[in-house]
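Listed below, chain by chain, are the residues.
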Amino acid sequence: RLERLQRVVTKLQMESGLCEEQLNQADALLQADVRLLAAGKAPQKAAEVERDLDKADAMIRLLFNDVQSLKDGRHPQGEQMYRRVYRLHERLVSIRTEYNLRLKSGAPVTAVTAVSVASGQRRPEPDEAPLRYLQELLAWVEENQRRVATAEWGADLPTVETHLGAHRGLHRAIEEFRAKVERARADEVRPLGTGDPQGEDGAADHPPVPPQNSSKSRLRHLESLHSFVSAATKELLWLSEREEEEVAFDWSHNNPAMAAKKESYS
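Here the structure is a predicted model, which means the values were calculated and not measured. (Residues numbered from 1 in each chain as written. Predicted model: local features only at pLDDT ≥ 70, side-chain atom pairs only at ≥ 80, totals over all residues. Heavy atoms only, no water.)

Caption draft 1: Up close: the overall build of the chain. Along the backbone of the chain there are 9 helices and 0 strands. Tracing the chain from N to C terminus, the helices and strands come up as α-α-α-α-α-α-α-α-α. A total of 266 residues make up the chain; the buried ones form 38% of that total. Here the analysis covers contacts within the chain between residues at least 6 apart in sequence; of these, 74% occur between residues at least 24 apart. (Helix = DSSP H or I, 4+ residues; strand = E, 2+ residues; numbered from the N terminus. Buried < 20%, exposed > 50% of the residue type's maximum accessible area, 1.4 Å probe, protein only. Contact = heavy atoms within 4.5 Å.)

Caption draft 2: Structural detail: the packing of helix H1 (residues 2-38) against helix H2 (residues 46-72). Between H1 and H2, whose axes approach to 9 Å, the crossing angle comes to 160°. In terms of orientation, H1 and H2 fall into the roughly antiparallel class. Remark: the crossing between H1 and H2 carries left-handed chirality. Within the contact of H1 with H2, the residues separate by chemical class into 19 nonpolar, 4 polar and 7 charged. (Axes fitted to C-alpha atoms, helices over the stretch in contact; angles between N-to-C directions. Parallel < 35°, antiparallel > 145°, perpendicular 65-115°, else oblique. Left-handed = near helix turned anticlockwise from the far one by under 90°. Nonpolar A, V, L, I, M, F, W, Y, C, P; charged D, E, K, R; others polar.)

Caption draft 3: Geometry of the pattern of salt bridges. Applying the stated criterion across every chain yields a total of 13 salt bridges. In this structure, Arg-91 engages Asp-27 in a salt bridge whose closest nitrogen and oxygen atoms are separated by 3.6 Å. Residue Arg-91 is found in helix H3 (residues 78-104), and its partner Asp-27 is found in helix H1; the two are separated by 64 residues along the sequence. A salt bridge links Glu-223 to Arg-168, with the shortest nitrogen-to-oxygen separation between them at 3.7 Å. Residue Glu-223 is found in helix H8 (residues 212-248), and its partner Arg-168 is found in helix H6 (residues 157-176); the two are separated by 55 residues along the sequence. (Salt bridge = Lys/Arg side-chain N within 4 Å of Asp/Glu carboxyl O.)

Caption draft 4: Here's a closer look at the packing of aromatic side chains. Evaluation of the coordinates by the stated rule reveals 4 aromatic pairs. Measuring from ring centre to ring centre gives 5.9 Å for Tyr-82 and Tyr-86, while their planes differ by 25°; the resulting arrangement is stacked. A residue pair is termed a helical-turn pair when its members lie 3 or 4 positions apart in one helix, as Tyr-82 and Tyr-86 do in helix H3 at 4 residues. Residue class for Tyr-86 comes out buried when judged on its relative accessible area of 17%. On the basis of an interplanar angle of 70° and a centroid distance of 5.0 Å, the ring pair of Phe-249 and Trp-251 is categorised as edge-to-face. Every member of this aromatic cluster is reached through a ring pair, and the members are Phe-64, Tyr-82 and Tyr-86. The ring centre of Trp-153 lies 4.6 Å from the NZ or CZ of Arg-218, which sits over that ring. Positioned above the aromatic ring of Phe-249 is the side chain of Lys-261, whose terminal nitrogen or guanidinium carbon lies 4.5 Å from the ring centre. (Phe/Tyr/Trp six-rings, centres within 6.5 Å; stacked < 30°, edge-to-face > 60°. Lys NZ or Arg CZ within 6 Å of the ring centre and 35° of its normal.)

Caption draft 5: Inspection of the nonpolar core at higher detail. Leu-12, Leu-23 and Leu-53 are the most contacted members of the largest nonpolar core, which totals 28 residues. If you list the elements that add at least two residues to this core, you get H1, H2 and H3. With 11 residues, H1 is the single largest residue contributor to this core. In contact with Leu-23, other than residues within four places in its own chain, are Leu-53, Ala-56, Leu-88, Arg-91, Leu-92 and Ile-95. In this structure, Trp-140, Val-141, Phe-177 and Val-181 belong to the second largest nonpolar core, which totals 10 residues. (Core = buried A, V, L, I, M, F, W, Y, C linked by side-chain atoms within 4.5 Å.)

Caption draft 6: Layout of the environment of Ala-46. Mapped onto the secondary structure, Ala-46 falls in helix H2. We classify Ala-46 as partly exposed; its relative accessible area is 24%.

Caption draft 7: Looking closely at a nonpolar patch on the surface. A surface patch of nonpolar side chains, amounting to about 350 Å² of accessible area, comprises Leu-236, Trp-238 and Leu-239. Turning to its location among the elements, Trp-238 is positioned in helix H8. (Patch = residues over 30% accessible without salt bridge, like charges linked within 9 Å, V, L, I, M, F, W, Y side chains within 5 Å. Areas by Shrake-Rupley, 256 points an atom, 1.4 Å probe, with all protein chains shown as cover.)

Caption draft 8: Up close: H6. Between the first and last C-alpha of H6 there are 29 Å, a value that for 20 residues agrees with the 28 Å anticipated at 1.5 Å per step. Counting buried residues in H6 gives 14 out of 20 residues, a clear majority hidden from the surface. (Expected span 1.5 Å × (residues − 1).)

Caption draft 9: Structural detail: unusual backbone geometry. Here the phi dihedral of Arg-74 falls at roughly 55°; this positive angle occurs in a residue that is not glycine. Look at Arg-74 and you get partly exposed, because its relative accessible area is 39%.

Caption draft 10: Summary view of the packing of H6 against H8. Relative to each other, H6 and H8 sit at 155°, their axes nearing to 9 Å. Taken together, the axes of H6 and H8 are roughly antiparallel relative to one another. Crossing geometry of H6 relative to H8 is assigned as left-handed. Residues Leu-157, Val-160, Glu-161, His-163, Leu-164, His-167, Arg-168, His-171, Ile-174 and Glu-175 of H6 lie in contact with H8, whose contacting residues are Gln-212, Ser-215, Lys-216, Arg-218, Leu-219, Leu-222, Glu-223, Leu-225, His-226, Val-229, Ser-230 and Thr-233. Looking at the contact of H6 with H8, its residues break down into 8 nonpolar, 8 polar and 6 charged.

Just geometry here; none of it tells us what the structure is for.
Rendered as C-alpha cells:
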C-alpha cells in the first residue's frame, strides 16, 4: 500500500512540474499579446493561450484526484501535495481571469479598430466604437453569468476548496469589472468626440451589469459549505480513528487494560 501511494507521490511531483511549465507558457503568450494591445495592435496568441489554459485545467483536475487518493490513504505527504496542486489551481484562475479581462473582453477601442484594419474591414465610425465595446462587455457578462449559474459545489473537502478558490478569483474579476461598466455607460450616453447625449438610435438602453449579486451569493454559500464540510471532515476523521482503535483492541479477558476500557465505556 505504501509503495503504491509513493508511486502516486512521484507521479504528482512529475506532472505538477509539467503543469507549471504549461502555465508558464500560457502566461508568456498572454503577456506578449497584452503588450501588442498596449501598442494598439491585434493580439496574435489568444487561441494558443486558451488551449494551454484548457490543457492545464484538465491536468489539475487529474492531479486533484491523485491528491485525494493520498489523503484517503493518509499518506504523510498528502497535505503538502494538496497545497502544491492548489497553488497551481490558483495560478490557473489568475491567468484565466487576466485572459478573460484583457484579451477576450478587455481590448480597448483602439485595439478593436486595429483588428478591423488588419483584417481589411472598414474602419468603424466614431459612434460605432462605443457600441462595439458595449457588445464585448455584454458577452463577458453573459459568459460569467453562465459560469456562476452552472458551477458545481463539490462533494468533499478538497473539491469544495477547489471550487471556493476558483470562485474567489472569478469574484475578484467581477468586482474589478465595475470600472468597465462605468466606461460603457459614459460611452452609451455620449458619442465619441461629442458632448451630446445619444438619442433613440444610440447604444443599448441599459448597460450590462456584472453578475455581481449571484456571484456574492455563490461566494457566501461556498464559504458556508466549506465551514460545514471542514467541521464534518474533522468529525469523520475522529470517528475513523476511534473505529480503528476499537478494531485493534484486545478484547480478551486476559487483557490488563480491560478494566480501564470498561471504565471508559461507562
